[in-house]
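# Examining the three-dimensional arrangement
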Amino acid sequence: MALVKKERFGIARKIVSNMTAESWETIPHATLVYNADVTELFKECKKLNADCTDKSKKITINTVMLKIICEGYKAAPKMNTHLEFNRKLVRGTLKYFDHIDISMPMVLPSGEMMTINMHDMGDKTLSQMTADINDSIRRAKNSDMNEVMFEVSLDNTLNGLKQGKVLQAIRRLYGSKMPGKHQVKTLSGSKKKKYYSIPKEDRLTKHDIEQGTTTISNLGSIYREQKGECFLLEIIPPQTTAIAVNAAQKRPTVVTDENGVDKIEPRLILPLTIAIDHRALDYGDIVPFFRRLDEIFENPSIIQSWK
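Model, not experiment: these values are computed from the prediction.

The rules behind the values
- Residues numbered from 1 in each chain as written.
- Predicted model: local features only at pLDDT ≥ 70, side-chain atom pairs only at ≥ 80, totals over all residues.
- Heavy atoms only, no water.
- Pairing = 2+ DSSP bridges.
- Helix = DSSP H or I, 4+ residues; strand = E, 2+ residues; numbered from the N terminus.
- Buried < 20%, exposed > 50% of the residue type's maximum accessible area, 1.4 Å probe, protein only.
- Polar contact = N/O pair within 3.5 Å; in protein donor to acceptor, adjacent residues only side chain to side chain.
- Contact = heavy atoms within 4.5 Å.
- Expected span 1.5 Å × (residues − 1).
- Arc of directions from axis to C-beta.
- Patch = residues over 30% accessible without salt bridge, like charges linked within 9 Å, V, L, I, M, F, W, Y side chains within 5 Å.
- Areas by Shrake-Rupley, 256 points an atom, 1.4 Å probe, with all protein chains shown as cover.
- Salt bridge = Lys/Arg side-chain N within 4 Å of Asp/Glu carboxyl O.
- Axes fitted to C-alpha atoms, helices over the stretch in contact; angles between N-to-C directions.
- Parallel < 35°, antiparallel > 145°, perpendicular 65-115°, else oblique.
- Left-handed = near helix turned anticlockwise from the far one by under 90°.
- Nonpolar A, V, L, I, M, F, W, Y, C, P; charged D, E, K, R; others polar.

## Here we look at the pairing of strand 2 (residues 81-86)
Direction of pairing for strand 2 relative to strand 3 (residues 91-96): antiparallel, over a ladder of six bridges. Within the sheet, the bridge partner assigned to Phe85 lies in strand 3 and is Gly92. Hairpin connection, strand 2 to strand 3: the antiparallel pair is bridged by four residues, and Val90 has positive phi, about 50°.

## Notes on the side chain of Thr273
Secondary-structure assignment places Thr273 in strand 9 (residues 262-277). Residue classification places Thr273 among the buried residues on the basis of a relative accessible area of 0%. Only 2.6 Å separates the side chain of Thr273 from the backbone oxygen of Cys230, close enough to count as a polar contact. In terms of polar contacts, Thr273 uses its side chain to reach the side chain of Asn246, at 3.2 Å. Among residues more than four places away in sequence, those in contact with Thr273 are Thr31, Leu32, Val33, Cys230, Phe231, Leu233, Ala242, Ile243, Ala244 and Asn246.

## Notes on helix 10 (residues 283-298)
For helix 10, which comprises 16 residues, the first-to-last C-alpha distance of 22 Å matches the rise-based estimate of 22 Å (1.5 Å per residue) to within 8%. Within helix 10, the full set of buried residues consists of Ile286, Phe289, Phe290, Arg292, Leu293, Ile296 and Phe297. One face of helix 10 carries all of its buried residues, which in axial projection span an arc of 160°. Residues of helix 10 that are exposed and point more than 90 degrees away from the buried face comprise Arg291 and Glu298. On its buried face, helix 10 sits against strand 1 (29-37), helix 2 (39-48), helix 3 (61-75), strand 7 (241-245) and strand 9.

## A few points about a nonpolar patch on the surface
Among the surface-exposed residues, Trp24, Val33, Phe231 and Leu232 lie close enough to one another that they form a single nonpolar patch of about 430 Å² accessible area. Mapping Val33 onto the fold places it in strand 1.

## Regarding the packing of helix 3 against helix 10
Closest axis-to-axis distance for the helix 3/helix 10 pair is 7 Å, and the angle between their directions is 135°. When the axis of helix 3 is compared with that of helix 10, the two are oblique. Considering only the axes of helix 3 and helix 10, their crossing is right-handed. Residue-level inspection shows Met65, Ile68, Ile69, Glu71, Gly72, Tyr73 and Ala75 of helix 3 in contact with helix 10, the latter providing Pro288, Phe289, Arg292, Leu293, Ile296 and Phe297. For the contact of helix 3 with helix 10, the class distribution of residues is ten nonpolar, one polar and two charged.

## Quick look at the pattern of salt bridges
Evaluated as defined, the whole model comprises 20 salt bridges. The residue Arg267 makes a salt bridge to Asp37 at a minimum N-O spacing of 2.9 Å. Pair noted here: Arg267 is in strand 9 and Asp37 is in strand 1, with a separation of 230 residues, a long-range link. Residue Glu71 is joined to Lys67 by a salt bridge in which the shortest nitrogen-to-oxygen separation is 3.7 Å.

## Here's the deal with the pairing of strand 9
As judged from the nine bridges shared by strand 1 and strand 9, these two strands associate in the antiparallel manner. When the bridges of strand 9 are listed, Val33 appears paired with Thr273. Judged from the five bridges that link them, strand 7 and strand 9 form a sheet pairing that is antiparallel. Its bridge partner being in strand 9, Thr241 is matched across the sheet by Ile276. Two strands pair when backbone bridges link them, and strand 8 (residues 249-256) and strand 9 are joined in this way by eight bridges, in the antiparallel orientation. When the sheet's bridge partners are listed, Thr256 is paired in strand 9 with Asp262. The hairpin formed by strand 8 and strand 9 contains five residues between the paired strands, and Gly260 there has a positive phi angle of roughly 80°.

## Some points on the environment of Asp202
Examined against the element boundaries, Asp202 turns out to sit in the loop between helix 7 (189-196) and helix 8 (206-209). Between the alpha carbons of Asp202 and Asp135 there is a distance of 8.8 Å; along the sequence they are 67 residues apart.

## Describing unusual backbone geometry
Of note, the amide linkage connecting Pro237 to Pro238 takes the cis form, showing an omega dihedral of 10°. Summarising the element assignment, Pro238 is placed in the loop between helix 9 (219-222) and strand 7. You will see that Val90, though not glycine, has its phi angle at about 50°, which is positive. Summarising the element assignment, Val90 is placed in the loop between strand 2 and strand 3. For Val90, a relative accessible area of 65% gives the class exposed.

Quick look at the structure:
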């Protein structure tokens, strides 16, 4: 067996690996799958864009699914929380929010994967959500990801210092900025000056990368040919939930006709994988989320009022 190459982690991979490791080390995950019948929903989605001639303003099924999940969170606000938990003292506090900030992993024009915080998405229309997502993609094209990620990493380190995590802060600074093979390279000199001369409204900042109230990953948009569904996904602390939107797939499904007779027919099914932090939530806490989704998928024409 011959070693082909070594690939050292950049700052984005370092942050992801650190956060996901903390997730599995500290959070007791419970995961469920909700199989949404989107056969009729997809027809309603086509109607949303019937009169749209501007491609950039077209509302995608991805955006519609984000909106549906936000509606579910509004019915089950405990899913949109952050948890503070001290295991040694067995003390826990749940923080509720009056807004839904979605940490949303997306593939950037450079091919890099980056989690963007889509702020205050709960009460926005589908058109407003579409505009916000497109604007994030536009600003990402002008952004140096190493700079943005280092800003976030430095901010997290300083917050750790305020909480008394001195050793953690020293290790992080040493691991990222000490000269050597693992040093994180950021801009300097004239390149740095030129980059930071770009107005903040035209590039991503730490405000766009900071922790949201929940995480929603759209796996189906990355691999539309997906068969099956995701069964495990990590919750990023202090969040208490994470959701994966899988690809829509044709599956044989039992349906009841107008005469009350059951029959099997092919339907378009889109699985949603929901992970909860079992320290903060029980199954009963997410039942209102499921009930709200049931209402929407049974009456998908409601999305026309969200436009």
